[in-house]
Amino acid sequence: MDIRQLRYFVTVAEEANFTRAAARLHLAQPGVSAQVRQLEKELGHPLLDRSGRSVTLTEVGEAVLPYARAAITAVEAVRQTADEFTGLLRGHVNLGLVSGAAAAAHEFDLAAILADFHEDHPQVEIALTEDTSERMLAALHRGELDIAVIGLADEEPPPGISLQVLVDEPLVAAVAPDDPALTSPDRTSIPLAELRDRPLISLPRGTGLRGVLDRACAQAGFRHRVAFEAAAPLFLAQLAARGLGVAVVPALSAGAASAFGLRTLEITEPRLRGRVALAWRTDGPSSPAGAVFLNLLRTALTAPGTDPRTVECARTPTPTPSSPPLSVTAAPASR
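Residues numbered from 1 in each chain as written. Predicted model: local features only at pLDDT ≥ 70, side-chain atom pairs only at ≥ 80, totals over all residues. Heavy atoms only, no water.

Visitor: Mind showing me how you'd approach helix α3 (residues 29–43) here?
Guide: Structural remark: α-helix, 3.6 residues per turn; residues separated by three or four positions point the same way. Between its first and last C-alpha, α3 extends 21 Å over 15 residues, near the 21 Å set by a 1.5 Å rise per residue. Looking at the buried residues of α3, the elements they touch are α1 (3–15), α2 (18–25) and β1 (48–49). The first or second residue beyond α3 is Gly44, which carries a positive phi of 80°. (Helix = DSSP H or I, 4+ residues; strand = E, 2+ residues; numbered from the N terminus. Expected span 1.5 Å × (residues − 1). Contact = heavy atoms within 4.5 Å.)

Structure, rendered in structure tokens:
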């Protein structure tokens, strides 16, 4: 038995599929399958049930899995402890970025932060993926992501997740200059109920902004009609400028709205807000590299000149003694 076999077994168990596990490990599927079978042979028990459409754990596999994970963690800890004596940080960090958070990433220059971290810690591999907020949160819970920049649909973080709010701004209805919603030149807001029968342009399902819109309309007692979906807020604005509907987007500056040929009306009754946040598991990333990168992001992504306010994280498990608690902060956006 060796650590590779245990790692392959754990990955297959998490993916419930040999092909996906092999892709995640950057290996050929037959090699992963052969190593797992060798492990089963050495233990004298099948660990995985391959008879269904997805791979599931056998009773023995269920019992073995936590010990396999503990062994992998222990081996990594040995390597990391030795590296500390040479000041070397190595490992792998998985960072997620929701499509609708692209504006926040641009405002805070995430590319520059990644480049600086790589220069300081060249032995740390960073994997950047883009997905919806819902899937990012699920991946954080499963340990597939260490950190994510997500859009928030709910007021409170889900269980086991801590947040640092990066952007918190009103949502607006962006319309073409001849839109019927512009009943007067001085109009600056529109009640949510007025969007009931209008074709809307919004981010896709699973994004934080879309979740805010869906929930608000449901609470107001009507089902909205989304005519167009796109992942980039600026493209939503372009569609609205062509008169294809009302774009529900984060607040645009007067200059940006004018550049698109748009008028913006703040959505009221209720007022809706779009929030983008840095998210991580409350017990912290599993690796020292992840913890160092998280601390860097929490400092670098705080809007300059603001005083972060502490927010209680509801229904989160108590961190283990080896993982000091990370406070949940919300930094008001600078724009």
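Still to come is the rest of the account.
Visitor: Hey, could you run me through the pairing of strand β3 (residues 91–98) in this one?
Guide: Walk down a regular strand and you will see the side chains alternate between the two sheet faces. Pairing of β3 with strand β4 (residues 124–131), which is carried by eight bridges, proceeds in the parallel orientation. Within the sheet, the bridge partner assigned to Val98 lies in β4 and is Asp131. Sheet analysis places β3 next to strand β5 (residues 147–152), joined by three bridges and oriented parallel. In the strand pairing of β5, Leu95 is matched with Ile147. (Pairing = 2+ DSSP bridges.)

Visitor: What should I look at first to understand the side chain of Arg210 in this one?
Guide: Here Arg210 is to be found in helix α8 (residues 208–219). Leave out the neighbours within four places in its chain, and Arg210 touches Ser202, Leu203, Pro204, Arg205, His224, Val226 and Glu229.

Visitor: Please clarify how the packing of α2 against α3 should be interpreted in this entry.
Guide: One can describe the packing of α2 onto α3 by two numbers: an axis separation of 8 Å at closest approach and a directional angle of 105°. One element, α2, and the other, α3, form an angle in the roughly perpendicular class. The segment α2 lies against α3, with Phe18, Thr19, Ala22 and Leu25 engaging Gln29, Val32, Ser33 and Val36. Of the residues belonging to the contact of α2 with α3, the class tally is five nonpolar, three polar and no charged. (Axes fitted to C-alpha atoms, helices over the stretch in contact; angles between N-to-C directions. Parallel < 35°, antiparallel > 145°, perpendicular 65-115°, else oblique. Nonpolar A, V, L, I, M, F, W, Y, C, P; charged D, E, K, R; others polar.)

Visitor: Just checking my understanding: could you explain the confidence of the model for the protein chain for this structure?
Guide: Detail in the predicted coordinates should be disregarded across regions flagged by low pLDDT. Chain-level statistics for the protein chain give a pLDDT mean of 82 and a share of 85% at 70 or above. Note on residues 102–106: pLDDT is under 50 here. Beyond four places in sequence and across chains, it has five contacts. Note on residues 304–335: pLDDT is under 50 here. Beyond four places in sequence and across chains, it has 66 contacts. (pLDDT = per-residue confidence, 0-100.)

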